[in-house]
Amino acid sequence: MSGTTTAGSGSTRTADSPWRNWAGNVTSRPVREVSPASAEELAEAVRRAAEDGLRVKTVGTGHSFTSIAATDGVLIRPGLLTGIRRIDRESMTVTVESGTPLKRLNVALAREGLSLTNMGDIMEQTVAGATSTGTHGTGRDSASIAAQIRELELVTADGQLLTCSEKENPEVFSAARIGLGALGVVTAITFAIEPVFLLTAREEPMTFDRVTSEFDALHAENEHFEFYWFPHTDNCNTKRNNRSAGPAAPPGRVSGWVEDELLSNGLFQVACSLGKAVPPVIPSIARLSSRALSARTYTDIPYKVFTSPRRVRFLEMEYALPREAAVAALRELKAMVERSPLKVSFPVEVRTAPADDITLSTASGRETAYIAVHLYRGTPHRAYFTAVERIMTAHGGRPHWGKVHTRDAAYFSEVYPRFAEFTALRDRLDPDRLFANDYLRRVLGD
């Protein structure tokens with residue numbers, strides 16, 4: 001590989017091609033790429049970048065739809081910082097290297113008879129990327145992945161390794177669990193874990209009017225509730241996940257493949273491609289798609305219930321609203337789609353989270369509902385997303401840090417009561433903005 005130098009077992013090379021995110025909507029051209037094999041090598045890369053006057057960003061698997069990881073300086077790839085450092089069965093925690101993909105962590109924990117309490121619906125991201133942007137699933141009582149962090153280790157702008165927890169550097173811990181890459185480079189994370197358990201998933205079609213009128217009850221009665229509304233229809237698909245005494249009863253091999261691969265990925269890919277080529281057919285396709293998924297119930301270990309494969313590429317916007325505002329906002333969204341010429345091929349996803357205490361968490365200080373909208377990659381998205389954003393911001397919505405939005409620091413200072421606390425900490429930890437980029441300048445200010 002041209003321009004490669006090796007220190008220890010990591011590597012540094014001149015970047016000879018642009019970096020692109022998973023969705024393909026963000027491209028950047030770093031000066032060099034570094035693949036450190038240890039926290040010490042990472043710290044040295046940060047110090048060297050500072051000496052060379054280059055900004056530093058870390059990228060995991062590129063699953064953010066924003067330019068949060070883009071840089072024209074040094075791009076750190078944590079692919080060698082992987083694996084479990086230790087499992088502590090007394091404190092019920094696991095410490096994992098920052099570049100470990102969630103799917104590898106989930107499989108490794110299951111092998112040990114352990115599990116995270118809650119997780120998002122995909123597991124391709126690295127643990128640091130997922131937590132730094134606020135990745136979440138749905139839960140009445142259990143919160144985001146970042147809320148399950150008990151300790152983290154990061155390299156700060158001066159090249160020092162800082163450990164923080166509720167007892168050690170607590171003010172950093174409060175913010176850095178969802179740090180946006182603005183406070184330092186995360187090198188390791190310690191998560192709370194528990195003995196592996198079983199979840200029973202009940203998936204059921206439901207009308208839009210029923211699911212919105214019963215939303216509060218469905219949320220209260222289930223540990224994890226979410227639903228998808230198919231635009232241009234009155235149809236929704238609901239999913240309720242609750243702990244189960246067992247026995248395990250996973251989806252059948254054939255029926256699971258039909259639902260999760262053939263319908264949800266294969267045929268959906270064809271439908272999206274057709275809709276992109278011939279937009280007027282999208283409402284008809286939506287009516288067929290919304291009726292294709294049938295009711296089913298199955299029981300399995302958590303990551304096999306919470307997560308599902310996502311092979312159809314898309315762009316996404318998601319807003320976190322006060323939970324009591326969710327139904328009104330969703331009804332406004334449906335009315336907007338119905339009176340507009342928009343043709344929307346992807347379902348709208350609705351999830352919930354309890355309030356947490358993380359400074360810039362989208363659920364910070366309030367019970368939250370998430371409304372996520374998607375469009376097939378390559379489909380013009382500006383008109384739809386702009387109209388959705390207008391509705392969400394009218395309800396005090398907070399956009400997901402890793403998904404498309406147009407908000408800036410002035411807006412965030414209004415919707416996050418502790419916003420100034422975060423920016424003051426950033427001033428202290430990174431006064432010269434070593435970890436800055438255009439995205440952070442927009443959302444956090446200079």
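Residues numbered from 1 in each chain as written. Predicted model: local features only at pLDDT ≥ 70, side-chain atom pairs only at ≥ 80, totals over all residues. Heavy atoms only, no water.

1. Some thoughts on the sheet that holds strand β11 (residues 149-155)
Spatially, the five strands line up as an open sheet ordered β8-β9-β13-β11-β12, and their pairing is antiparallel. Two strands lie at the open edges of the sheet, namely β8 (84-88) and β12 (161-165), each paired on one side alone. Averaged over all pairs of adjacent strands, the angle between their axes in this sheet comes to 15°, without regard to strand direction. Both β11 and strand β13 (residues 185-192) contribute to a ladder of six bridges, which runs antiparallel. Residue pairing across strands places Leu152 opposite Ile189, the latter belonging to β13. (Pairing = 2+ DSSP bridges. Helix = DSSP H or I, 4+ residues; strand = E, 2+ residues; numbered from the N terminus. Axes fitted to C-alpha atoms, helices over the stretch in contact; angles between N-to-C directions.)

2. Describing helix α13 (residues 419-429)
All of the buried residues along α13 are Phe419, Phe422, Thr423, Leu425, Arg426 and Leu429. Take α13 and look down its axis: the buried residues cluster within an arc of 155°, on one side only. Counted as exposed and oriented over 90 degrees from the buried face of α13: Ala420 and Arg428. In this structure, the buried residues of α13 make contact with α4 (170-176), α12 (409-415) and α14 (438-444). (Buried < 20%, exposed > 50% of the residue type's maximum accessible area, 1.4 Å probe, protein only. Arc of directions from axis to C-beta. Contact = heavy atoms within 4.5 Å.)

3. Observations concerning the packing of aromatic side chains
Applying the stated rule across the entire model yields 13 aromatic pairs. Seen in terms of ring centroids, Tyr411 and Phe412 are 6.0 Å apart; in terms of plane orientation they differ by 75°. Their pairing is edge-to-face. Linked through ring pairs, Trp22, Phe65, Phe314 and Phe346 together constitute an aromatic cluster. Positioned above the aromatic ring of Phe197 is the side chain of Arg243, whose terminal nitrogen or guanidinium carbon lies 3.6 Å from the ring centre. Above the ring of Phe208, the side-chain terminus of Lys334 is found at 5.2 Å from the ring centroid. (Phe/Tyr/Trp six-rings, centres within 6.5 Å; stacked < 30°, edge-to-face > 60°. Lys NZ or Arg CZ within 6 Å of the ring centre and 35° of its normal.)

On their own, these measurements won't tell you what the molecule is for.
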